[in-house]
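Inside the fold
For reference, the chains in residue letters:
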Amino acid sequence: MNPKYRKTVIAGNWKMNLLPSQLRDYADGLKALLGKEHWCEAVLCVPALMAIPLGRALRGCRVSVGVQDVSDRDMGAYTGEVAAAQLRDAGVKYVIVGHSERRAYHGETDELIGRKLRKALEEGMTPILCVGETLPQRSAGTEKDVVRAQVKTALLGLDAAAMKKVVLAYEPVWAIGTGHTASPAQAQDMCREIRAVLRERFDARTARAVSVLYGGSMNPRNAQELLSQPDVDGGLIGGASLDPGKFYQILEAAKP
Ligand code: PEP
């Protein structure tokens, strides 16, 4: 990570886990550990219905509320969807877009993900754009081509000023929820590649300013080494974020 140029972001992704009735205990546990100290951007991306109560439960501590998806449409007749304007009004600051589970189970394309990303930006929220290759793609040696294409397509039409408001997350699909964490060298290599795409597509200053996270079985044991890589500016954490103690340990691993 390079805090001189970029924000360090540690974001939890609860996926479809935990109950609203468990929020208070979680938030109290995390607040007790965090105290008043603040050294990085801490975010919890929760199911949309938990955004408002989580924001209330976290009052007084500097942890931002995020969600895991957003509609690509403006408010209106789209049953089951949640609009960016509604999320913003509910106090949401971060929105994950393009998670591999949404790509795999909901058929999300890079074009749709790009539209969602722009909706989040229009409402002043920070999109966390997830990209990453599958195991067969890595075995075939195409991982960089895959990730390059995902980044380029999702960012079509964006200018440099908007790009600086986006966070990227490299999440190799084979590492998500599997316990097979990418090696620090693999994480660094792809995060550097993503930054190279940003340099080509925008400019050096923009590439240097954008935080690129690593996600995929990050835990309190491996976080420090992953986060010490020069192009890894934080983590997107699934399983380990469900326990406030583990999430806090990962936040601690991000201390400069
Ligand atoms: C994720 O869901 O974004 C993730 C990285 O999950 P896990 O940490 O459980 O691998």
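Data block above holds the structure.
What you see is a predicted model; the values in this text were computed from it and never measured.

Definitions and cut-offs
- Residues numbered from 1 in each chain as written.
- Predicted model: local features only at pLDDT ≥ 70, side-chain atom pairs only at ≥ 80, totals over all residues.
- Heavy atoms only, no water.
- Helix = DSSP H or I, 4+ residues; strand = E, 2+ residues; numbered from the N terminus.
- Rg over C-alpha atoms; globule rule 2.2 N^0.38 Å.
- Buried < 20%, exposed > 50% of the residue type's maximum accessible area, 1.4 Å probe, protein only.
- Contact = heavy atoms within 4.5 Å.
- Lys, Arg positive; Asp, Glu negative; His and termini not counted.
- Charge placed at Lys NZ, Arg CZ, Asp CG, Glu CD.
- Salt bridge = Lys/Arg side-chain N within 4 Å of Asp/Glu carboxyl O.

1. Overview of the overall build of the protein chain
If you tally the helices and strands in the protein chain, you get 12 helices and eight strands. Relative to its length of 256 residues, the protein chain is compact, with a C-alpha radius of gyration of 17 Å against a globular reference of 18 Å. Across its three principal axes, the protein chain shows a C-alpha extent of roughly 45 × 45 × 35 Å. Within the span of the protein chain, comprising 256 residues, buried residues form 54% of the whole. Across the protein chain, the fraction of contacts at a sequence separation of at least 24, relative to all contacts at a separation of at least 6, is 73%. Measuring between centres, the 34 positive side-chain charges of the protein chain sit 5 Å from its 29 negative side-chain charges.

2. Observations concerning the pattern of salt bridges
Counting across every chain of the model gives 23 salt bridges. The residue Arg115 makes a salt bridge to Asp72 at a minimum N-O spacing of 3.0 Å. Highlighted residues: Arg115 in helix α5 (residues 110-122) and Asp72 in the loop between β3 (63-67) and α3 (84-89), separated in sequence by 43 residues. The class for Arg115 is partly exposed, based on a relative accessible area of 38%. Between Lys144 and Glu193 there is a salt bridge, with the nearest N and O atoms lying 4.0 Å from each other. Of this pair, Lys144 sits in helix α7 (residues 143-154) while Glu193 is found in helix α9 (residues 184-201), placing the two residues 49 residues apart along the sequence. A network of salt bridges, in which partner residues are shared, links Lys144, Arg148, Asp189, Arg192, Glu193 and Glu200.

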